[in-house]
Amino acid sequence: MKLNRKIKKLLKITAWLLVGSGMTTLLVAANNKTQAYSCKQVVVSIQGERGQFYIDKNDVYGQIKYAAGGSVVGKPIAEIDLSMLEEMLEGQTWIRDAELYFDSRNVLHVLIAERDPIARVFTTDGKSFYIDSAGVRMPLLPGVSARLPVVTNFTAAKKLNSKDSALLRDITGLTQYINGDAFWQAQIAQIDITSNRTFELIPVIGNHVVRIGTIDDLDEKFHRLFLFYKQVMTKTGFDKYGVVDVQFKDQVIGIKSKGASAVDSLQLQKNIEELIKKMGLQATADSLAVEQAKEARLRADSIAKAEKENNRITRTNQEGSNVVEKPKSTQPKRQQPKAVMPKRQNT
């Protein structure tokens, strides 16, 4: 009997040891599983235009930490709300788009697309802000200064009415046009809003004002202005005209100024000629590149047609005499009339 009691006691002890060992194993496995599905690291990548960045990565890390209620590193992935974090980041004015995802190594990737400022707008009370290509207003960033066209005399009202919103869209369109052309991007430094909600341009080279009017027919207006630069002001000097008005169709109106010194006029003339020459060389290089691309495309098309014809002949020979080719038409092909573009009249 005593032996049976000892055996039973030993079996109970063994059973409890096995249970304890199993529980320990389960706890360790659960802990390892939790660690395996926890955030290991956060990597922030910022995409900016022209290689310039306005958002600091540390600020993004701080915003994520604040929104998540603490560091997400070591936190179970199931408890991290990626949609909430994306929405929070996209609510920041300077962030155009945010995308968050975990990779196979449980690393949280944060992809940030910045808004690209295209102009700095000054209001009538001296304050300023940036705008992007969508016309979104963005506050200035401490310690960051972007070299952009300046727009003056915008309304200081905190809430924009319909006319102010339309004017902001016009500013965006005009600025995008200027930034899209290398010559005008280098030549136009400032855009002034008049009391009639039209626009005047202040150039980098020259002491004149360009009255552009509304943003209608910008191609024609800037073309006439370029011809006036090239054919008139480079010959008469930049001291002769204080105002160049191109807002009226097919017209360039030059209003004479009191004049500057001869030395200043010659220097301005030389500067604008160098700028025009530089842009002309760039345009020539672009034209040559386009022609080379066309020639390469034509050669590729010719080779493809030849290969297609060879394949067709091969199939015909293989099929034998059962194939009857469709006779070619003997009627002459009708030639399409060539389009004749009217010559642009110089003004």
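Rules behind the numbers
- Residues numbered from 1 in each chain as written.
- Predicted model: local features only at pLDDT ≥ 70, side-chain atom pairs only at ≥ 80, totals over all residues.
- Heavy atoms only, no water.
- Helix = DSSP H or I, 4+ residues; strand = E, 2+ residues; numbered from the N terminus.
- Buried < 20%, exposed > 50% of the residue type's maximum accessible area, 1.4 Å probe, protein only.
- Contact = heavy atoms within 4.5 Å.
- Areas by Shrake-Rupley, 256 points an atom, 1.4 Å probe, with all protein chains shown as cover.
- Salt bridge = Lys/Arg side-chain N within 4 Å of Asp/Glu carboxyl O.
- Patch = residues over 30% accessible without salt bridge, like charges linked within 9 Å, V, L, I, M, F, W, Y side chains within 5 Å.
- Lys, Arg positive; Asp, Glu negative; His and termini not counted.
- Charge placed at Lys NZ, Arg CZ, Asp CG, Glu CD.
- Core = buried A, V, L, I, M, F, W, Y, C linked by side-chain atoms within 4.5 Å.
- Polar contact = N/O pair within 3.5 Å; in protein donor to acceptor, adjacent residues only side chain to side chain.
- Pairing = 2+ DSSP bridges.
- Axes fitted to C-alpha atoms, helices over the stretch in contact; angles between N-to-C directions.

J.: Is there a simple way to think about the overall build of the protein chain in this case?
T.: Secondary structure assignment for the protein chain yields seven helices and twelve strands. The proportion of buried residues among the 347 residues of the protein chain is 29%. Look at the contacts in the protein chain between residues 6 or more apart in sequence, and 53% of them connect residues 24 or more apart. A total accessible area of about 23,800 Å² is found for the protein chain, and carbon and sulfur atoms account for 53% of it.

J.: I tried to follow the pattern of salt bridges on my own but got confused; where do I start?
T.: Side chains that differ in charge, positive against negative, can pair when their charged atoms come close. Enumeration over the complete set of coordinates arrives at four salt bridges. Between Arg105 and Asp103 there is a salt bridge, and its shortest N-O distance comes to 3.8 Å. Look at Asp103 and you get buried, because its relative accessible area is 18%. A salt bridge links Asp164 to Arg197; the nearest nitrogen and oxygen atoms lie 3.1 Å apart.

J.: Can you walk me through a negative patch on the surface in this structure?
T.: Taken together, the side chains of Glu87, Glu90, Asp97 and Glu99 present a region of like negative charge at the surface. For the negative patch, the secondary structure elements donating two or more residues are α3 (82-90) and β2 (95-102). On the basis of relative accessible area, Glu87 is assigned to the exposed category, the value being 62%.

J.: Quick question: what am I supposed to make of the nonpolar core here?
T.: Generally speaking, nonpolar side chains in soluble globular proteins are found buried as a group. The biggest cluster of nonpolar side chains holds 32 residues, and the ones touching the most others in it are Phe154, Leu201 and Phe222. With seven residues, helix α6 (residues 218-236) is the largest single contributor of residues to this core. Ignoring sequence-local partners within four residues, the contact set of Phe154 consists of Val121, Phe122, Thr123, Thr124, Phe129, Leu160, Asp164, Leu167, Leu168, Ile171 and Ile193. Residues Cys39, Ile46, Leu89 and Leu148 belong to the second largest nonpolar core, which totals 26 residues.

J.: What's the story with helix α2 (residues 57-67) in this structure? I'm lost.
T.: One turn of the α-helix equals 3.6 residues, which is why residues spaced by three or four share an orientation. At the N-terminal boundary of α2, the capping side chain belongs to Asp56, with an oxygen 2.8 Å from the backbone nitrogen of Asn58. Two residues or fewer past α2, Gly69 is found with a positive phi of approximately 75°.

J.: Mind showing me how you'd approach the environment of Phe222 here?
T.: Structurally, Phe222 can be placed in helix α6. Each C-alpha atom, one on Phe222 and one on Ile178, is 9.5 Å from the other, the two residues being 44 residues apart in sequence. If sequence neighbours within four positions are ignored, Phe222 has contacts with Leu174, Tyr177, Ile178, Trp184, Leu201 and Ile212.

J.: Would you mind showing me how to read a nonpolar patch on the surface here?
T.: Together, Phe248, Ile253 and Ile255 give the surface a local cluster of nonpolar side chains, amounting to about 240 Å² of exposed area. Mapping Ile255 onto the fold places it in strand β12 (residues 253-256). For Ile255, a relative accessible area of 37% puts it in the partly exposed group.

J.: Hey, could you run me through the sheet that holds strand β1 (residues 41-47) in this one?
T.: The strands making up a sheet associate through hydrogen bonds between their backbones, and the pairing can be parallel or antiparallel. Read across the sheet, three strands follow the order β1-β3-β2 without closing on themselves; strand pairing throughout is mixed. If you trace the sheet from one side to the other, it starts and ends with β1 and β2, each paired once. Adjacent strand axes in the sheet meet at a mean angle of 15° when their direction is disregarded. Judged from the seven bridges that link them, β2 and strand β3 (residues 107-114) form a sheet pairing that is antiparallel. Opposite Phe102, over in β3, you have Leu108 as the bridge partner. Packed onto the sheet, α2 meets β1 and β3 and runs at close to 130° relative to β1. Running over the sheet, α3 touches β2 and β3 and is turned about 160° from β2.

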